[in-house]
Amino acid sequence: MADSDYSQKDFIGEQVKHEDLVTITRVRSDRVFYRQFIRDPNQAKTSGHPRWYGDKFDLKDDQTWTEPDEVHHVPFTTKKGRQLTVTISGWKQMLMRGTKNYKMNNHPFTLLQIVVRDQERNSIWKPMWLIVIGSRRDELSLVDCYQCYRQRYDMEHLFRFGKQRLLMTSYLTPDVHHEENWFKLTLLSYVNLWAARKLAVVLPRDWEQYLKTNKSIKITPSLVQRDFSRIITTLGTFAKFPKRRGFSSGRIKGYKKAPRTRHDVIKKGSKKSTENLKAP
């Protein structure tokens, strides 16, 4: 799952190379797509370049929309008890314009429109558009695609909490392997916070008066982390104290470590001037 910044052909063109990968991305409401052109078998073949793109499908112009191939209505209730209905409309075999490096005409996708309505059939928010692309996309229903994309918001909360409270991006190293190990450690620490959520006690700050009066407060990862030192001392540990196993011999005399490869610093360049340059 990804947001609209990853709906461009240079990203999707790389993802479709993986056979078992299905990518679901959000797209802006001003994009233009095309129906896949299917030639009539009774029509005689003509010379020239074969036609790839069919009718235009402009997301901001509902006059260009055709009837969706599938429509599903999913009712759900919010945390405050509000009854809403999600209408999921899907158009299959859609195409986007490609480039010389990315032949997007070979990779059709399913276009989804998500509309949330209340009990009076009034639209609550602006319609959301999704792209489902991949060779195995038809194995997922429209409801599955929508529910999968909703998990992206949980991922965003994880990354924000990991960066702010778990030092996810604080470890700087030139070794990719070390960075991946550090990232796994931060995920394990997040799992420990989730496992200890029922043992945590709410410890409000002096300015958090609402935590003192609300007994049904939801235990968040931040509150568990605040009380985690007490939880560790209560549970104890099975780890043994480290013991010395001799002295390291260190580096061999005369050993010289190869210096790291020096890379150029990448800087943002200034925008090119829009003034027309005169010929000399």
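Thresholds applied
Residues numbered from 1 in each chain as written. Predicted model: local features only at pLDDT ≥ 70, side-chain atom pairs only at ≥ 80, totals over all residues. Heavy atoms only, no water. Helix = DSSP H or I, 4+ residues; strand = E, 2+ residues; numbered from the N terminus. Rg over C-alpha atoms; globule rule 2.2 N^0.38 Å. Buried < 20%, exposed > 50% of the residue type's maximum accessible area, 1.4 Å probe, protein only. Contact = heavy atoms within 4.5 Å. Areas by Shrake-Rupley, 256 points an atom, 1.4 Å probe, with all protein chains shown as cover. Lys, Arg positive; Asp, Glu negative; His and termini not counted. Charge placed at Lys NZ, Arg CZ, Asp CG, Glu CD. pLDDT = per-residue confidence, 0-100. Core = buried A, V, L, I, M, F, W, Y, C linked by side-chain atoms within 4.5 Å. Domains from an automatic or database assignment. 1 Å grid on protein atoms, 1.4 Å probe; cavity = no way out; pocket = protein on both sides within 12 Å on 5 of 7 lines; lining within 4 Å. Points joined across faces, edges and corners; volume = space filled by probe spheres on them. Nonpolar A, V, L, I, M, F, W, Y, C, P; charged D, E, K, R; others polar. UniProt positions renumbered as here; feature names shortened; annotations may be inferred. Polar contact = N/O pair within 3.5 Å; in protein donor to acceptor, adjacent residues only side chain to side chain.

- Looking up the chain in an unreviewed UniProt entry gives the name Transposase IS701-like DDE domain-containing protein, with the organism given as Crocosphaera watsonii WH 8501.

## Considering the overall build of the chain
- Helix and strand counts for the chain come out as six helices and seven strands.
- Walking the chain from its N terminus toward its C terminus, one meets helices and strands in the order α-β-β-β-β-β-β-β-α-α-α-α-α.
- Against the globule reference of 19 Å for 280 residues, the chain gives a C-alpha radius of gyration of 27 Å, more extended than a compact globule.
- Taken along the three principal axes of its C-alpha coordinates, the chain extends 85 × 65 × 45 Å.
- Per-residue burial over the chain gives 25% buried out of 280 residues.
- In the chain, of all internal contacts separated by at least 6 residues, the share reaching a separation of at least 24 is 55%.
- On the chain, roughly 22,100 Å² of surface is accessible, and the fraction owed to carbon and sulfur atoms is 53%.
- For the chain, the distance from the average position of its 52 positive side-chain charges to the average position of its 30 negative side-chain charges is 10 Å.

## Focus on unusual backbone geometry
- Look at R121: it is not a glycine, yet its phi comes out positive at around 65 degrees.
- Mapped onto the fold, R121 is located in the loop between β6 (109–117) and β7 (128–133).
- Residue class for R121 comes out partly exposed when judged on its relative accessible area of 48%.
- Although it is not a glycine, L167 sits at a positive phi angle of roughly 55 degrees.
- Structurally, L167 can be placed in the loop between α2 (142–165) and α3 (176–195).

## Focus: the confidence of the model for the chain
- Within the chain, residue pLDDT values average 87, and 94% of them lie at 70 or more.
- Scored below 50 in pLDDT, residues 273–280 makes zero contacts in the model with residues more than four places away or belonging to other chains.

## Structural notes on the nonpolar core
- Of all hydrophobic cores here, the largest spans 16 residues; its most connected members are F33, F109, L111 and I131.
- Of all the secondary structure elements, the ones that give two or more residues to this core are β5 (83–95), β6 and β7.
- No other element matches β7, which puts three residues into this core.
- The residues touching I131, leaving out its near neighbours within four places in the chain, are T23, I24, T25, V27, F33, M96, F109, T110 and L111.

## Quick look at the domain arrangement of the chain
- Per the domain assignment, the segments of the chain are domain 1 (3–38 + 48–140) and domain 2 (176–235).
- Here the C-alpha centroids of domain 1 and domain 2 sit 38 Å apart.

## Observations regarding the layout of surface pockets
- Of the pockets and cavities examined, the largest pocket occupies roughly 460 Å³.
- Within the residue set of the lining of the largest pocket, elements represented by two or more residues are β6 and α2.
- Tallying contributions element by element places α2 first for the lining of the largest pocket, with seven residues.
- In terms of residue class, the lining of the largest pocket is made up of eight nonpolar, three polar and three charged.

## Description of the UniProt feature "domain: Transposase IS701-like DDE" (unreviewed entry) in the chain
- Mapped onto this numbering, the UniProt entry annotates "domain: Transposase IS701-like DDE" (unreviewed entry) at residues 1–95.
- Its end C-alpha atoms 19 Å apart, residues 1–95 is made of 7% helix and 39% strand.

## Focus on the side chain of Q15
- Structurally, Q15 is set in helix α1 (residues 9–15).
- Residues in contact with Q15, not counting those within four places in the same chain, are L21 and T23.

## Some words on the environment of R117
- Along the chain, the position of R117 falls in strand β6.
- Residue class for R117 comes out partly exposed when judged on its relative accessible area of 22%.
- R117 sits 147 residues away from D264 along the chain, and the two C-alpha atoms are 53 Å apart.
- Ignoring anything within four residues of it in the chain, the contact list for R117 reads L84, T85, T87, N122, S123 and I124.
- In terms of polar contacts, R117 uses its side chain to reach the side chain of T87, at 3.3 Å.

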